[in-house]
Amino acid sequence: MPFTENTFCEALQQKSAAKTLEAYGKCFTNIQREVCTVILKGRRWMELSMEEQRAYVMRLLDALEVTDRDKRLKVARAILYLAQGVFDECDTETDVLYWSRHNVFLLYDMGIFTALLELLSMEIDNNQACSSAVRKPAISLADSTELRVLLSIMYLMVETIRVEMEGDSPERKAAREAFKTELGSPLYNGEPFALLLFTMVTKFCSMNAPHFPMKKVLLLLWKTILFTLGGFEELQEMKVRMRELLNLPPLPEDSIKVVRNMRAASPPASAMELIEQQQQQKRGRRSRRPLVKQDSLDTYNERDPFKNDDARDEEDDPEDVDSGIEGEVDPLDRDVIIQPPPPPPPLRPPTERVSFPKGLPWAPKVREKDIEHFLETISDQFSSAPTSKAKTDSINILADVLPEEMPITVLQSMKLGIDVNRHKEIIVKAISALLLLLLKHFKLNHIYQFEYVAQHLVFANCIPLILKFFNQNIMSYISAKNSICALDFPHCVVHEMPELTAESLEAGDSNQFCWRNLFSCINLLRILNKITKWKHSRTMMLVVFKSAPILKRALKVKQAMMQLYVLKLLKIQTKYLGRQWRKSNMKTMSAIYQKVRHRLNDDWAYGNDIDARPWDFQAEECALRECIEKFNTRRYDKNQNTEFTPVDNCLQSVLGQRVDLPEDFHYSYEMWLEREVFSQPIQWEGLLQAQ
């Protein structure tokens, strides 16, 4: 069958549009039959020489400039297939990764990234698509097809070129440095590439472009910042260089390396947690102890006038009856013969019973003025900023995961549910990693840049939001299995597709932990540490928001790095939690002492009257904000305030300055000179005394 570009792109479009596993298999067969057997003049892509591959990419680059939107999309899909490693011609996953890397460097060398950036800018400025998405009641995958294809190609190029391999040639190393410089320079409409992606995030969060695929945007933004600014290892190297330039003593150790050598040791569970665990084990299991007869309970309720029908119904609940604390049940006693229920007691004649209300005898009263005063006081006490959105007006982050047609079978519903959970986990991972990376780079560059971003996070309720995130079953989140190994790339395009069932989807993979979620939790804890460290008012926010029990539950995760940052957060607020808390949590105190760094005169384990003073959140944050604004004005404001303008004390320089005067000034110059200079007596003695 003769090959044409249209058949190649159409088959790839069918493959990418597949929503279910069955449709994917059919489209994959079409690709094998129609496209991947020949690519150019009866040969496959792997058989082409470098000059022929470059010529073919040049043809695709020219086709990207056509005005027809559908044709541009087909060409973009063809480029995406090349960036994915022409997987239909590969037999192993290693071959896919090899050809993906080869093709990505070829695409960058031919200028594909610049062309894709122009198309991305066009899609961002497409007001028609934005207004159409705003009016739609539900956003689906079909609304962001072009954006997802462009962002996928750009993500593959950034991530592939960013990672350095041992066998890279000098040409590839030079291309990596050139690409890194290009991404960090204001070459795209006078601004860096990362700023364009931040603009996409802003438009999406303001609900002006709800069809933007945020997962892909955030991942690309994170990798771009990671590539241009550098990761944690590059940060450590920059710290060492900066300290050498400033003649500061070298760092005593690398924190990450120290944490890697630490052993994870979770403190024992508290008494309440042990009670809850025993109660959960006994749920649904009946005991052989004789129960109190119902008629005797009724008799007791009739004698007690403060017991009403609702309370008796709650006591009749078998779960509450069986939830007593016992020792371990004998295995022989576990097989309990369930006896038939006893016959109901004989009906008694109805008697008049006195009904008493629950709670206090008087109904509370409140004035509207009291409510307003209370809300105003609380608002001033806690500079948590109210949200501008109603609770029903939430942001839809699932626009790039929900299909046009919802699933109709149980298997499809399970796959969509797994994909939605995985989608949320990736978004949390990208946001947490991006924020942590920016905070660390800003802190190294200038402390006020770091404080500026950190204060914005505090004003945006970052502290209670992170605590709310950890106020869940953190062990379930860490061990979640929201992935299908058979559908992971490139496994799904190389190996034979297995038959997926509900049981296999429910079993998940064989990994004990989800490292993606563990990575996100550690990042969020580090962010919380950075914005609260050495800030008395923010530390008190941790105390006010009852973070101690939430953080203590997070210690159940037996991972050394995560435990370290949890213990750091507990250490900074220990002195404010009271003597009884410290007495009841000596194991936690011991873990803090063993694992967290200590400083001279650090009385974290004792309550200090000076440090435990009443905290004024507004005063501390306003003082910090004033310093930040002065720094921003001095450093970045073009129209500088006269307060910060340097004074010119040179007489010749002042007289030599050109002053713009009105056109009619020379007509009235003599009159002005007579009125303002000659007719005004000058007290020279006063001037000399003032000097």
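Keep in mind that this is a model prediction, so the values were computed, not measured.

Chemist: How do you make sense of the overall build of the protein when you look at a structure like this?
Modeler: Tallying secondary structure elements over the protein gives 34 helices and 0 strands in all. Relative to its 691 residues, the protein shows a buried fraction of 38%. Of the roughly 43,800 Å² of accessible surface on the protein, 55% is carried by carbon and sulfur atoms.

Chemist: How should I be thinking about the pattern of salt bridges in this particular structure?
Modeler: For side chains bearing opposite charge, pairing can occur when the charged atoms are close. In this structure the tally under the stated criterion is 19 salt bridges. One salt-bridge network, held together by shared partners, links Arg 101, Asp 168, Arg 172 and Arg 176.

Chemist: I would appreciate a short explanation of the nonpolar core in the present structure.
Modeler: One recurring pattern in soluble globular proteins: nonpolar side chains tend to sit buried together. Counting residues in each nonpolar core, the largest one holds 79 residues, and the members touching the most others are Trp 45, Phe 113, Leu 120 and Phe 193. Examining the composition of this core, we find that 10 residues originate from one element, helix 11 (residues 214-229), more than from any other. By size, the runner-up hydrophobic cluster in this structure holds 51 residues, among which are Met 562, Tyr 565, Val 596 and Trp 604.

Chemist: How do you make sense of unusual backbone geometry when you look at a structure like this?
Modeler: Peptide bonds are trans in most cases, and residues, glycine excluded, mostly fall at negative phi. In this chain, Phe 489 is followed by Pro 490 through a cis amide linkage whose omega measures 5°. Its location among the elements puts Pro 490 in the loop between helix 22 (474-478) and helix 23 (491-494). The residue Lys 546 is not glycine, and still its phi comes out positive at about 55°. Relative accessible area serves as the criterion here: at 57%, Lys 546 is assigned to the exposed category.

Chemist: It is not clear to me how the environment of Met 200 should be interpreted in this structure. Could you clarify?
Modeler: One can find Met 200 in helix 10 (residues 193-205). With 76 residues separating them in the primary sequence, Met 200 and Ile 124 have C-alpha atoms 7.3 Å apart. Once residues lying within four places of it in the same chain are set aside, the contact partners of Met 200 are Leu 120, Ile 124, Leu 147, Phe 212, Met 214 and Val 217.

Chemist: Could you clarify how one ought to interpret the packing of aromatic side chains in this entry?
Modeler: Aromatic ring pairs: the centre-centre distance and the angle between the two ring planes describe each pair. Inspection of every chain in the model, using the stated rule, returns 15 aromatic pairs. With a centroid separation of 5.4 Å and an interplanar angle of 85°, the aromatic rings of Tyr 98 and Trp 99 are classed as edge-to-face. Ring centres of Trp 222 and Phe 519 lie 6.2 Å apart, and the angle between their planes is 35°; this geometry places the pair in the tilted category. Overall, Phe 519 belongs to the partly exposed group, its relative accessible area being 29%. Clustering of aromatic rings is evident, with ring pairs tying together Tyr 108, Phe 113, Phe 179, Phe 193 and Phe 227.

Chemist: Is there a simple way to think about the packing of helix 19 (residues 410-445) against helix 20 (residues 447-459) in this case?
Modeler: The geometry of a pair of packed helices is captured by two quantities: the angle between their axes and the separation between those axes. Running from N to C, helix 19 and helix 20 point in directions that differ by 145°, and their axes come no closer than 5 Å. Between helix 19 and helix 20, the residues in contact are Leu 435, Leu 439, Phe 442, Lys 443 and Asn 445 and Ile 447, Gln 449, Phe 450, Val 453, Ala 454 and Leu 457, respectively. When its residues are assigned to classes, the contact of helix 19 with helix 20 shows 8 nonpolar, 2 polar and 1 charged.

Chemist: It is not clear to me how the packing of helix 4 (residues 69-83) against helix 8 (residues 145-162) should be interpreted in this structure. Could you clarify?
Modeler: The geometry of helix 4 relative to helix 8 is characterised by a closest axis approach of 10 Å and an angle of 30° between their N-to-C directions. Taken together, helix 4 and helix 8 sit at an angle that is classed as roughly parallel. As for the relative orientation of helix 4 and helix 8, their crossing is left-handed in sense. Contacts from Arg 69, Leu 73, Ala 76, Arg 77, Ile 79, Leu 80 and Ala 83 of helix 4 reach helix 8 at Thr 145, Glu 146, Val 149, Ser 152, Ile 153 and Leu 156.

Chemist: Would you mind showing me how to read helix 3 (residues 50-63) here?
Modeler: Since the α-helix advances by 3.6 residues per turn, residues separated by three or four positions end up pointing in the same direction. The end-to-end C-alpha distance of helix 3, which contains 14 residues, comes to 20 Å, matching closely the 20 Å that a straight helix rising 1.5 Å per residue would cover. Among the residues of helix 3, those classed as buried are Gln 53, Tyr 56, Val 57, Leu 60, Leu 61 and Ala 63. For helix 3, the angular spread of buried residues about the axis comes to 160°, placing them on one side.

Chemist: What's the story with the side chain of Gln 455 in this structure? I'm lost.
Modeler: The residue Gln 455 is located in helix 20 in this model. Since its relative accessible area comes to 4%, Gln 455 is described here as buried. Sequence-distant contacts of Gln 455, that is, excluding residues within four places in its chain, are made with Arg 538, Glu 621, Leu 624, Arg 625 and Ile 628.

Chemist: For this particular structure, what's the right way to read the environment of Ser 121?
Modeler: For Ser 121, the position within the fold is in helix 6 (residues 112-124). Sequence spacing of Ser 121 and Leu 196 is 75 residues, and the spatial spacing of their C-alpha atoms is 8.3 Å. Once residues lying within four places of it in the same chain are set aside, the contact partners of Ser 121 are Asn 189 and Leu 196.

Conventions and cut-offs
- Residues numbered from 1 in each chain as written.
- Predicted model: local features only at pLDDT ≥ 70, side-chain atom pairs only at ≥ 80, totals over all residues.
- Heavy atoms only, no water.
- Helix = DSSP H or I, 4+ residues; strand = E, 2+ residues; numbered from the N terminus.
- Buried < 20%, exposed > 50% of the residue type's maximum accessible area, 1.4 Å probe, protein only.
- Areas by Shrake-Rupley, 256 points an atom, 1.4 Å probe, with all protein chains shown as cover.
- Salt bridge = Lys/Arg side-chain N within 4 Å of Asp/Glu carboxyl O.
- Core = buried A, V, L, I, M, F, W, Y, C linked by side-chain atoms within 4.5 Å.
- Contact = heavy atoms within 4.5 Å.
- Phe/Tyr/Trp six-rings, centres within 6.5 Å; stacked < 30°, edge-to-face > 60°.
- Axes fitted to C-alpha atoms, helices over the stretch in contact; angles between N-to-C directions.
- Nonpolar A, V, L, I, M, F, W, Y, C, P; charged D, E, K, R; others polar.
- Parallel < 35°, antiparallel > 145°, perpendicular 65-115°, else oblique.
- Left-handed = near helix turned anticlockwise from the far one by under 90°.
- Expected span 1.5 Å × (residues − 1).
- Arc of directions from axis to C-beta.

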